[in-house]
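Understanding the architecture of this molecule
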Amino acid sequence: MGPGSSERAVVFIDWQNVYKGARDAFHRGQGSGRLGNVDPLRLAQRLMQATARTRELVGVRVYRGRPDPPRDPYGFTANQRQQIAWERAGITVVQRPLRYPKAWPAEKAQEKGVDVALAVDFVMLTVTGAYDVGILCSTDTDLKPALEAVVALGGNRQPHCEVAAWASSQAVPRLRIAGTRLWCHYLLVDDYGGMVDPTDYTTP
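For the structure given in this document, a descriptive report is provided here. (Residues numbered from 1 in each chain as written. Predicted model: local features only at pLDDT ≥ 70, side-chain atom pairs only at ≥ 80, totals over all residues. Heavy atoms only, no water.)

So, on to the pairing of strand E1 (residues 7-14). Of all eight residues making up E1, seven are buried, and the element is well covered by its neighbours. As defined by bridge partners, E1 adjoins strand E2 (residues 55-66) across eight bridges and the pair is classed as parallel. Paired with Ala 9 across the strands is Leu 57, a residue of E2. Relative to strand E4 (residues 133-137), E1 is paired through five bridges, and the arrangement is parallel. (Buried < 20%, exposed > 50% of the residue type's maximum accessible area, 1.4 Å probe, protein only. Helix = DSSP H or I, 4+ residues; strand = E, 2+ residues; numbered from the N terminus. Pairing = 2+ DSSP bridges.)

Take a look at the structure:
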(Lines give C-alpha, C1' and ligand atoms only; values in the text may rest on other atoms or scores of the structure.)
Protein backbone atom coordinates (compact mmCIF):
# COMPACT_ATOMS: atom_id res chain seq x y z
CA MET A 1 0.00 0.00 0.00
CA GLY A 2 1.30 3.43 -0.90
CA PRO A 3 1.58 6.48 1.35
CA GLY A 4 -1.78 8.03 2.18
CA SER A 5 -3.78 5.06 0.92
CA SER A 6 -6.49 3.59 3.12
CA GLU A 7 -6.71 0.07 4.48
CA ARG A 8 -9.73 -2.00 3.47
CA ALA A 9 -11.23 -3.35 6.68
CA VAL A 10 -13.68 -6.19 7.24
CA VAL A 11 -15.24 -6.74 10.68
CA PHE A 12 -16.11 -10.32 11.62
CA ILE A 13 -18.65 -10.65 14.46
CA ASP A 14 -19.13 -13.85 16.45
CA TRP A 15 -22.66 -12.83 17.39
CA GLN A 16 -23.43 -15.07 20.36
CA ASN A 17 -20.02 -14.36 21.87
CA VAL A 18 -20.43 -10.59 21.42
CA TYR A 19 -24.00 -10.63 22.74
CA LYS A 20 -23.21 -12.74 25.80
CA GLY A 21 -20.03 -10.75 26.44
CA ALA A 22 -21.99 -7.48 26.53
CA ARG A 23 -24.56 -8.96 28.90
CA ASP A 24 -21.86 -10.25 31.24
CA ALA A 25 -19.77 -7.06 31.12
CA PHE A 26 -22.52 -4.46 31.47
CA HIS A 27 -25.63 -6.25 32.77
CA ARG A 28 -24.11 -9.03 34.92
CA GLY A 29 -25.96 -11.51 32.72
CA GLN A 30 -29.31 -10.36 34.11
CA GLY A 31 -32.43 -8.68 32.77
CA SER A 32 -34.37 -8.84 29.52
CA GLY A 33 -32.99 -10.97 26.72
CA ARG A 34 -32.76 -7.80 24.61
CA LEU A 35 -30.00 -6.46 26.86
CA GLY A 36 -26.71 -7.11 25.09
CA ASN A 37 -28.08 -6.60 21.60
CA VAL A 38 -25.93 -4.20 19.59
CA ASP A 39 -26.14 -2.80 16.08
CA PRO A 40 -23.40 -4.60 14.09
CA LEU A 41 -22.89 -1.67 11.72
CA ARG A 42 -22.44 0.83 14.55
CA LEU A 43 -20.04 -1.60 16.23
CA ALA A 44 -17.97 -1.82 13.05
CA GLN A 45 -18.04 1.95 12.55
CA ARG A 46 -16.82 2.47 16.12
CA LEU A 47 -13.86 0.19 15.38
CA MET A 48 -13.01 2.32 12.35
CA GLN A 49 -12.93 5.42 14.57
CA ALA A 50 -10.78 3.77 17.24
CA THR A 51 -7.55 3.97 15.26
CA ALA A 52 -5.33 6.68 13.84
CA ARG A 53 -4.89 4.62 10.66
CA THR A 54 -6.89 5.53 7.55
CA ARG A 55 -9.42 2.78 6.97
CA GLU A 56 -12.35 2.06 4.70
CA LEU A 57 -15.02 -0.28 6.04
CA VAL A 58 -15.67 -2.66 3.14
CA GLY A 59 -17.54 -5.39 4.96
CA VAL A 60 -19.38 -6.34 8.14
CA ARG A 61 -20.04 -10.04 8.60
CA VAL A 62 -22.12 -11.60 11.39
CA TYR A 63 -21.98 -15.30 12.26
CA ARG A 64 -24.69 -16.90 14.36
CA GLY A 65 -26.95 -19.90 14.94
CA ARG A 66 -30.40 -20.22 13.36
CA PRO A 67 -33.34 -21.64 15.36
CA ASP A 68 -35.32 -24.48 13.83
CA PRO A 69 -38.81 -23.28 12.70
CA PRO A 70 -40.79 -26.36 13.82
CA ARG A 71 -39.07 -26.56 17.22
CA ASP A 72 -38.84 -22.84 17.95
CA PRO A 73 -41.05 -20.80 15.62
CA TYR A 74 -40.99 -17.83 18.02
CA GLY A 75 -37.18 -17.70 18.10
CA PHE A 76 -36.91 -18.38 14.38
CA THR A 77 -39.24 -15.48 13.50
CA ALA A 78 -37.32 -13.05 15.73
CA ASN A 79 -34.06 -14.27 14.21
CA GLN A 80 -35.37 -13.67 10.70
CA ARG A 81 -36.59 -10.15 11.50
CA GLN A 82 -33.18 -9.28 12.91
CA GLN A 83 -31.40 -10.75 9.89
CA ILE A 84 -33.57 -8.76 7.48
CA ALA A 85 -32.82 -5.53 9.37
CA TRP A 86 -29.09 -6.25 9.29
CA GLU A 87 -29.04 -7.14 5.62
CA ARG A 88 -30.90 -3.94 4.75
CA ALA A 89 -27.97 -2.12 6.37
CA GLY A 90 -25.55 -3.95 4.07
CA ILE A 91 -24.39 -6.54 6.61
CA THR A 92 -23.58 -10.09 5.51
CA VAL A 93 -25.22 -12.66 7.80
CA VAL A 94 -23.93 -16.23 7.90
CA GLN A 95 -26.11 -18.66 9.83
CA ARG A 96 -25.80 -22.32 10.78
CA PRO A 97 -28.69 -24.41 12.17
CA LEU A 98 -28.75 -24.80 15.95
CA ARG A 99 -28.32 -28.29 17.36
CA TYR A 100 -31.11 -29.44 19.67
CA PRO A 101 -30.25 -31.98 22.39
CA LYS A 102 -32.65 -34.82 23.18
CA ALA A 103 -33.57 -33.09 26.44
CA TRP A 104 -34.57 -29.87 24.68
CA PRO A 105 -36.17 -27.57 25.82
CA ALA A 106 -34.94 -28.48 29.30
CA GLU A 107 -31.44 -28.20 27.79
CA LYS A 108 -30.62 -25.23 25.57
CA ALA A 109 -29.99 -25.56 21.85
CA GLN A 110 -26.33 -25.11 20.91
CA GLU A 111 -24.49 -23.53 18.03
CA LYS A 112 -22.85 -26.01 15.69
CA GLY A 113 -20.36 -25.03 13.01
CA VAL A 114 -20.62 -21.27 13.53
CA ASP A 115 -17.03 -20.82 14.67
CA VAL A 116 -15.82 -23.04 11.83
CA ALA A 117 -17.71 -20.96 9.26
CA LEU A 118 -16.23 -17.76 10.70
CA ALA A 119 -12.70 -19.19 10.82
CA VAL A 120 -12.87 -20.42 7.22
CA ASP A 121 -14.10 -17.05 5.93
CA PHE A 122 -11.55 -15.14 8.00
CA VAL A 123 -8.72 -17.06 6.35
CA MET A 124 -10.20 -17.44 2.85
CA LEU A 125 -10.98 -13.73 2.52
CA THR A 126 -7.35 -13.08 3.42
CA VAL A 127 -6.12 -15.49 0.77
CA THR A 128 -8.37 -13.92 -1.89
CA GLY A 129 -7.24 -10.41 -0.97
CA ALA A 130 -10.66 -9.21 0.16
CA TYR A 131 -9.26 -7.12 3.01
CA ASP A 132 -6.12 -5.46 4.32
CA VAL A 133 -7.15 -5.74 7.97
CA GLY A 134 -9.62 -8.17 9.48
CA ILE A 135 -11.03 -7.34 12.91
CA LEU A 136 -12.38 -10.32 14.84
CA CYS A 137 -15.01 -9.52 17.46
CA SER A 138 -14.87 -12.56 19.71
CA THR A 139 -13.11 -14.00 22.75
CA ASP A 140 -13.66 -17.62 21.66
CA THR A 141 -10.29 -19.41 21.81
CA ASP A 142 -11.51 -21.88 19.16
CA LEU A 143 -10.83 -19.05 16.68
CA LYS A 144 -7.14 -18.71 17.58
CA PRO A 145 -5.98 -21.02 14.73
CA ALA A 146 -7.65 -18.69 12.21
CA LEU A 147 -5.89 -15.69 13.74
CA GLU A 148 -2.58 -17.55 13.71
CA ALA A 149 -3.08 -18.42 10.03
CA VAL A 150 -3.72 -14.79 9.05
CA VAL A 151 -0.72 -13.64 11.07
CA ALA A 152 1.45 -16.23 9.30
CA LEU A 153 0.14 -15.20 5.87
CA GLY A 154 0.62 -11.50 6.47
CA GLY A 155 3.88 -11.43 8.37
CA ASN A 156 4.75 -7.76 8.98
CA ARG A 157 2.76 -6.66 5.93
CA GLN A 158 -0.87 -6.64 4.87
CA PRO A 159 -3.12 -8.41 5.43
CA HIS A 160 -3.12 -8.36 9.20
CA CYS A 161 -5.64 -8.99 11.94
CA GLU A 162 -6.87 -7.38 15.13
CA VAL A 163 -9.41 -8.36 17.77
CA ALA A 164 -12.08 -6.56 19.81
CA ALA A 165 -13.40 -7.24 23.31
CA TRP A 166 -15.77 -5.66 25.82
CA ALA A 167 -14.00 -3.99 28.75
CA SER A 168 -15.69 -3.64 32.14
CA SER A 169 -14.38 -3.11 35.67
CA GLN A 170 -13.71 -6.84 35.89
CA ALA A 171 -10.92 -8.83 34.25
CA VAL A 172 -11.13 -8.44 30.47
CA PRO A 173 -10.94 -11.65 28.42
CA ARG A 174 -9.40 -11.23 24.98
CA LEU A 175 -7.77 -13.36 22.32
CA ARG A 176 -3.98 -13.49 22.32
CA ILE A 177 -1.31 -15.19 20.23
CA ALA A 178 1.93 -16.07 21.98
CA GLY A 179 4.89 -14.12 20.61
CA THR A 180 2.70 -11.79 18.55
CA ARG A 181 1.57 -8.24 19.27
CA LEU A 182 -2.11 -8.70 18.44
CA TRP A 183 -3.87 -5.36 18.74
CA CYS A 184 -7.10 -5.41 20.76
CA HIS A 185 -9.83 -2.78 20.54
CA TYR A 186 -11.20 -2.56 24.09
CA LEU A 187 -14.82 -1.42 23.98
CA LEU A 188 -15.97 0.40 27.11
CA VAL A 189 -19.42 1.02 28.54
CA ASP A 190 -19.69 4.35 26.68
CA ASP A 191 -18.88 2.56 23.41
CA TYR A 192 -21.55 -0.02 24.23
CA GLY A 193 -24.10 2.71 24.94
CA GLY A 194 -23.54 4.18 21.49
CA MET A 195 -24.29 0.93 19.69
CA VAL A 196 -27.12 -0.60 21.73
CA ASP A 197 -29.99 -1.92 19.61
CA PRO A 198 -33.24 -1.59 21.63
CA THR A 199 -35.41 -3.15 18.92
CA ASP A 200 -37.78 -5.90 20.05
CA TYR A 201 -37.50 -8.37 17.16
CA THR A 202 -40.06 -10.69 18.73
CA THR A 203 -42.86 -8.34 17.65
CA PRO A 204 -43.82 -7.34 14.07
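A word on the packing of aromatic side chains. Describing an aromatic ring pair means giving the distance of the ring centres and the angle of the ring planes. One pass over the full model with this rule turns up 10 aromatic pairs. Taking 5.7 Å as the distance between ring centres and 70 degrees as the angle between the ring planes, the aromatic pair formed by Phe 12 and Tyr 131 counts as edge-to-face. With Phe 12 in strand E1 and Tyr 131 in the loop between helix H4 (114-127) and E4, this residue pair connects regions lying 119 residues apart in the sequence. Comparing Phe 12 with Tyr 131 shows no difference in burial state: the two are buried. Between Phe 122 and Tyr 131, the ring centres sit 6.0 Å apart and the planes meet at 35 degrees, which makes this aromatic pair tilted. Relative accessible area serves as the criterion here: at 0%, Phe 122 is assigned to the buried category. Residue classification places Tyr 131 among the buried residues on the basis of a relative accessible area of 2%. Within the aromatic cluster, the residues linked to one another by ring pairs are Phe 12, Tyr 63, Phe 122 and Tyr 131. (Phe/Tyr/Trp six-rings, centres within 6.5 Å; stacked < 30°, edge-to-face > 60°.)

Turning our attention to unusual backbone geometry. Following Trp 104, the chain continues into Pro 105 via a peptide bond in cis, with omega recorded as 10 degrees. With phi around 55 degrees, Arg 28 is a residue other than glycine that occupies positive phi space. Looking at the element boundaries, Arg 28 is found in the loop between helix H1 (15-27) and helix H2 (40-49).

Read across the open sheet, the six strands follow the order E3-E2-E1-E4-E5-E6; overall the sheet is parallel. At either margin of the open sheet sits one strand with a lone partner, and together these are strand E3 (92-97) and strand E6 (184-187). Averaged over neighbouring strand pairs, the angle between their axes works out to 20 degrees when direction is ignored. Of the pairings in the sheet, the one linking strand E5 (residues 160-166) to E6 comprises four bridges and is parallel in character. Opposite Val 163, over in E6, you have Cys 184 as the bridge partner. Lying on the sheet, H1 is in contact with E1, E2, E4, E5 and E6; it crosses E1 at an angle near 75 degrees. Against the sheet, helix H3 (residues 73-88) contacts E2 and E3, and its axis sits at roughly 170 degrees relative to E2. (Axes fitted to C-alpha atoms, helices over the stretch in contact; angles between N-to-C directions. Contact = heavy atoms within 4.5 Å.)

In this structure, Val 11, Ile 13, Leu 47, Cys 137 and Trp 166 are the most contacted members of the largest nonpolar core, which totals 26 residues. Mapped by element, the contributors of at least two residues to this core are E1, H1, H2, E2, E4 and E5. Of all the elements, H1 adds the most residues to this core, at five residues. Excluding residues that lie within four positions of it along the chain, Ile 13 makes contacts with Val 18, Pro 40, Leu 43, Val 60, Arg 61, Val 62, Tyr 63, Leu 118 and Cys 137. (Core = buried A, V, L, I, M, F, W, Y, C linked by side-chain atoms within 4.5 Å.)

Looking now at H4. Helical geometry: 3.6 residues make up each α-helical turn, so side chains three or four residues apart lie on a common side. Its 14 residues place the ends of H4 20 Å apart at the C-alpha level, agreeing with the 20 Å of an ideal helix rising 1.5 Å per residue. Those residues of H4 lying buried are Val 114, Ala 117, Leu 118, Ala 119, Asp 121, Phe 122 and Thr 126. Close packing links the buried residues of H4 with E1, E2, E3, E4, helix H5 (144-154) and E5. Count one or two residues on from H4 and you reach Gly 129, which has phi positive near 75 degrees. (Expected span 1.5 Å × (residues − 1).)

On the secondary structure map, Leu 175 appears in the loop between E5 and E6. On the basis of relative accessibility, which here comes to 1%, the residue Leu 175 falls in the buried class. C-alpha of Leu 175 to C-alpha of Leu 136: the two residues are 39 residues apart in sequence and 9.3 Å apart in space. With near-sequence residues (within four places) excluded, Leu 175 lies in contact with Leu 136, Ser 138, Thr 139, Asp 140, Thr 141, Lys 144, Leu 147, Val 163 and Leu 182.

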